[in-house]
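Summary of structural features
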Amino acid sequence: MPSLVGSEMCIRDSFSTDLTDLADDIAAYKTVVNIIRETDLAKNFVVLPGDVADVKSYIENNERILEYNPNFMEKLQEDSNWHGISVLARQIGHHLSNHELEVGQAGIDEEIEADKYAGFVLFKMGASLDKAIHALEIVMKEDRIGKSVSRNARLVYLTCLLYTSDAADDSL
């Protein structure tokens, strides 16, 4: 008899874990949708949990994939930190801009375009210019093109985009 109860508990425990995972997946998907909504573009990629540091965009078998670390997404839900949103927005920007992502890597021009996309999204979501710059500075310390493109050039792209967006919104 105790073995049956133990088995039932295992089934319930695994079921509740699956429900928790499903809830986490839904929360992650909602975060992605909230970012995309700011640009009025159609989602052209699949969103999957995976074993990545934070979030990664790539193409596999002609399918665009945004793979995320569930812990990274959970932190986004808790904090609403601009750095994390910037990282996610940059990866989404690669897909929405139809970057080739050869060997899972974007080129320098594609990274700059992703910076612009992230800056626009941060602005639309309410980040101040200072917060957007701070988020991009953290990203620049972490990414592989940090030394290939000057810090000032990347910040100029971000700043111009934010001020252009701000001016456009003021004229409405």
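Residues numbered from 1 in each chain as written. Predicted model: local features only at pLDDT ≥ 70, side-chain atom pairs only at ≥ 80, totals over all residues. Heavy atoms only, no water.

Okay, the pattern of salt bridges next. In the structure shown here, the tally under the stated rule is two salt bridges. When the shortest N-O distance is used, the salt bridge between Asp 115 and Arg 90 registers 2.8 Å. Of this pair, Asp 115 sits in helix α4 (residues 108-124) while Arg 90 sits in helix α3 (residues 82-96), and the two are 25 residues apart along the sequence. Assessed through its relative accessible area of 2%, Asp 115 is described here as buried. Under the relative-accessibility criterion, Arg 90 is labelled buried at 4%. A single network of salt bridges, built from pairs that share partners, joins Arg 90, Glu 111 and Asp 115. (Salt bridge = Lys/Arg side-chain N within 4 Å of Asp/Glu carboxyl O. Helix = DSSP H or I, 4+ residues; strand = E, 2+ residues; numbered from the N terminus. Buried < 20%, exposed > 50% of the residue type's maximum accessible area, 1.4 Å probe, protein only.)

Within the fold, Ala 53 resides in the loop between β1 (46-49) and β2 (55-60). Given the relative accessible area of 72%, Ala 53 is considered exposed. As a C-alpha pair, Ala 53 and Glu 67 span 14 residues in sequence and 9.8 Å in three-dimensional space.

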